[in-house]
Amino acid sequence: MFANLWYHVKEGVRSIFTHGLMSFASVCMIVACLLIMGSFSLLAVNINGMLGQLEDENEFLAYVEESLDSGQAMSLQAKLSEIPNVASATYISKEEALEEFKAEQGYSELFSDIPAETLRDRYSIHVSDIQLMSDTVEEVRGVEGIAEVRAAMEIAEGFVMLRNVASAIAVILVAMLVLISVFIIANTIKLATFTRREEIAIMKMCGATNWFIRWPFLVEGILLGICGGLVAYVAQWGVYGLIGKAMAESGILDIITMIPFQNLNAMLLTIFLLVGFVIGGGGSALAIRKFLKV
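Below: a short report on this structure. This structure is a prediction, so every number in the text was calculated from the model and none was measured. (Residues numbered from 1 in each chain as written. Predicted model: local features only at pLDDT ≥ 70, side-chain atom pairs only at ≥ 80, totals over all residues. Heavy atoms only, no water.)

## Thoughts on the overall build of the protein
Part 1 of the reasoning: Within the protein, the secondary structure is distributed over ten helices and four strands.
Part 2 of the reasoning: Its helices and strands taken in sequence order, the protein reads α-α-β-α-α-β-α-β-α-β-α-α-α-α from the N to the C terminus.
Part 3 of the reasoning: In the protein, which comprises 294 residues, the proportion classed as buried is 39%.
Part 4 of the reasoning: Summing over all exposed atoms, the protein offers an accessible surface of approximately 16,400 Å²; the carbon and sulfur share of this is 66%. (Helix = DSSP H or I, 4+ residues; strand = E, 2+ residues; numbered from the N terminus. Buried < 20%, exposed > 50% of the residue type's maximum accessible area, 1.4 Å probe, protein only. Areas by Shrake-Rupley, 256 points an atom, 1.4 Å probe, with all protein chains shown as cover.)

## Observations regarding the sheet that holds strand β3 (residues 122-127)
Part 1 of the reasoning: With respect to topology, four strands assemble into an open sheet ordered β2-β3-β1-β4, the strand pairing being antiparallel. A single partner strand is all that each edge strand has here, and the edge strands are β2 (86-92) and β4 (146-150). Looking at each pair of strands side by side, their axes are set apart by 25° on average, direction ignored.
Part 2 of the reasoning: Pairing geometry for β2 and β3, over six bridges, is antiparallel. Across the sheet, T90 pairs through a bridge with S124, a residue of β3.
Part 3 of the reasoning: Relative to β4, helix α6 (residues 133-141) is tilted by about 160°, and along the sheet it contacts β1 (60-64), β2, β3 and β4. (Pairing = 2+ DSSP bridges. Axes fitted to C-alpha atoms, helices over the stretch in contact; angles between N-to-C directions. Contact = heavy atoms within 4.5 Å.)

## So, the packing of aromatic side chains
Part 1 of the reasoning: All told, the structure shown has five aromatic pairs when counted by the stated rule.
Part 2 of the reasoning: Between W237 and F261, the ring centres sit 5.5 Å apart and the planes meet at 20°, which makes this aromatic pair stacked. Note that W237 is positioned in helix α9 (residues 210-250) and F261 in the loop between α9 and α10 (265-291), a separation of 24 residues in sequence.
Part 3 of the reasoning: Of the residues examined, W237 reaches a relative accessible area of 40% and is grouped as partly exposed.
Part 4 of the reasoning: Three or more aromatic residues joined by ring pairs make a cluster, and in this case those are Y233, W237, Y240 and F261. (Phe/Tyr/Trp six-rings, centres within 6.5 Å; stacked < 30°, edge-to-face > 60°.)

## Side note on unusual backbone geometry
Part 1 of the reasoning: Even without being glycine, N85 reaches a positive phi, approximately 80°.
Part 2 of the reasoning: Along the polypeptide, N85 turns up in the loop between α4 (76-81) and β2.
Part 3 of the reasoning: Classification of N85 by relative accessible area gives buried; the value is 14%.

## Let's talk about the pattern of salt bridges
Part 1 of the reasoning: Using the criterion set out here, one finds three salt bridges in the structure.
Part 2 of the reasoning: Here R120 makes a salt bridge to E148, at a shortest N to O gap of 2.8 Å. Of this pair, R120 sits in the loop between α5 (94-105) and β3 while E148 sits in strand β4, placing them 28 residues apart in sequence.
Part 3 of the reasoning: Taking relative accessible area as the criterion, E148 reaches 27% and is therefore assigned partly exposed.
Part 4 of the reasoning: Among the salt bridges present, the one from E138 reaches R141, with a minimum N-O distance of 2.7 Å. Taken as a pair, E138 and R141 lie in helix α6 at a separation of three residues, close to a single helical turn.
Part 5 of the reasoning: With a relative accessible area of 38%, R141 lands in the partly exposed category.
Part 6 of the reasoning: Residues joined in a network through salt bridges with shared partners are R120, E148 and R150. (Salt bridge = Lys/Arg side-chain N within 4 Å of Asp/Glu carboxyl O.)

## Description of empty space enclosed by the protein
Part 1 of the reasoning: In total, this model carries one cavity of 30 Å³ or more according to the counting rule given.
Part 2 of the reasoning: For the largest cavity, the calculated volume is near 30 Å³.
Part 3 of the reasoning: Looking at the largest cavity, the residues that line it are V64, E65, E66, L68, K94, L119, R120 and D121.
Part 4 of the reasoning: When grouped by side-chain class, the residues that make up the lining of the largest cavity number three nonpolar, no polar and five charged. (1 Å grid on protein atoms, 1.4 Å probe; cavity = no way out; pocket = protein on both sides within 12 Å on 5 of 7 lines; lining within 4 Å. Points joined across faces, edges and corners; volume = space filled by probe spheres on them. Nonpolar A, V, L, I, M, F, W, Y, C, P; charged D, E, K, R; others polar.)

## Observations concerning the nonpolar core
Part 1 of the reasoning: If you look at the biggest cluster of nonpolar residues, it comprises 30 residues, and the most contacted ones within it are L34, I189, Y240 and F272.
Part 2 of the reasoning: Contributing elements (two or more residues each) for this core: α2 (20-57), α7 (153-195), α9 and α10.
Part 3 of the reasoning: For this core, the element with the most residues is α2, which contributes eight residues.
Part 4 of the reasoning: Setting aside chain neighbours within four positions, we find F272 in contact with L34, M37, G38, G229, A232, Y233 and Q236.
Part 5 of the reasoning: In terms of nonpolar packing, the next biggest core, distinct from the first, is built from 23 residues, I83, Y91, V127 and V149 among them. (Core = buried A, V, L, I, M, F, W, Y, C linked by side-chain atoms within 4.5 Å.)

And the structure:
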């Protein structure tokens, strides 16, 4: 068994170097496919992280009608908490709102004579899923006793749209490049079978099984796929690092949080190797199924 395994691996490696140009083209296409997939996937992951931060930090305010006293205003908390997608509803009295306003301005002495009655009781509401914020805002607005709702919907909707666009582009481009990669791998293996057609005929006459003949070609395709996955992983690491460095120098990281590559490298390496394996093995299987009939 081990002798057969070594033979298959040796023949697969030899075939890679025999058709160096086609092998190089196959690896390049796999690298391009994985780089595009990885880049857009990392963009989607980072946007998801920012959406999570928005869900934790962003809030919208629901103002209570002025006709309600503090007791009636506090009684709305139970109704608001029962609304789907509301993670928490924190009551803020007029006095607390005034103190927060003074603290934010930094010149509290300028507003010392402002009475708390000029403000309204309110609720600070956090959501569980920011994608459903618009529906949640409408439900909160419909609660009896709520006079007005203020929410920064543009920010949340912008991040959601950007993530969806990135994911859609990634799926379309990756699907196209995977097909091209499989096609090139298949043609590389076809060229290998054509070059070794006399050797294959002799092996069949000597009683070699079809799978014994096929395995070196499968190994060749799988090795090309894994090689492409490793190269793409290293390239993705470098590209991600350069992007992070550029963002740090521009100061944009003060606004946008970028997930460290170390937190993603194990998952990304596994995915790249798995996709490379599937592309290489799939292209090889496609080629040998047609040119090596049982």
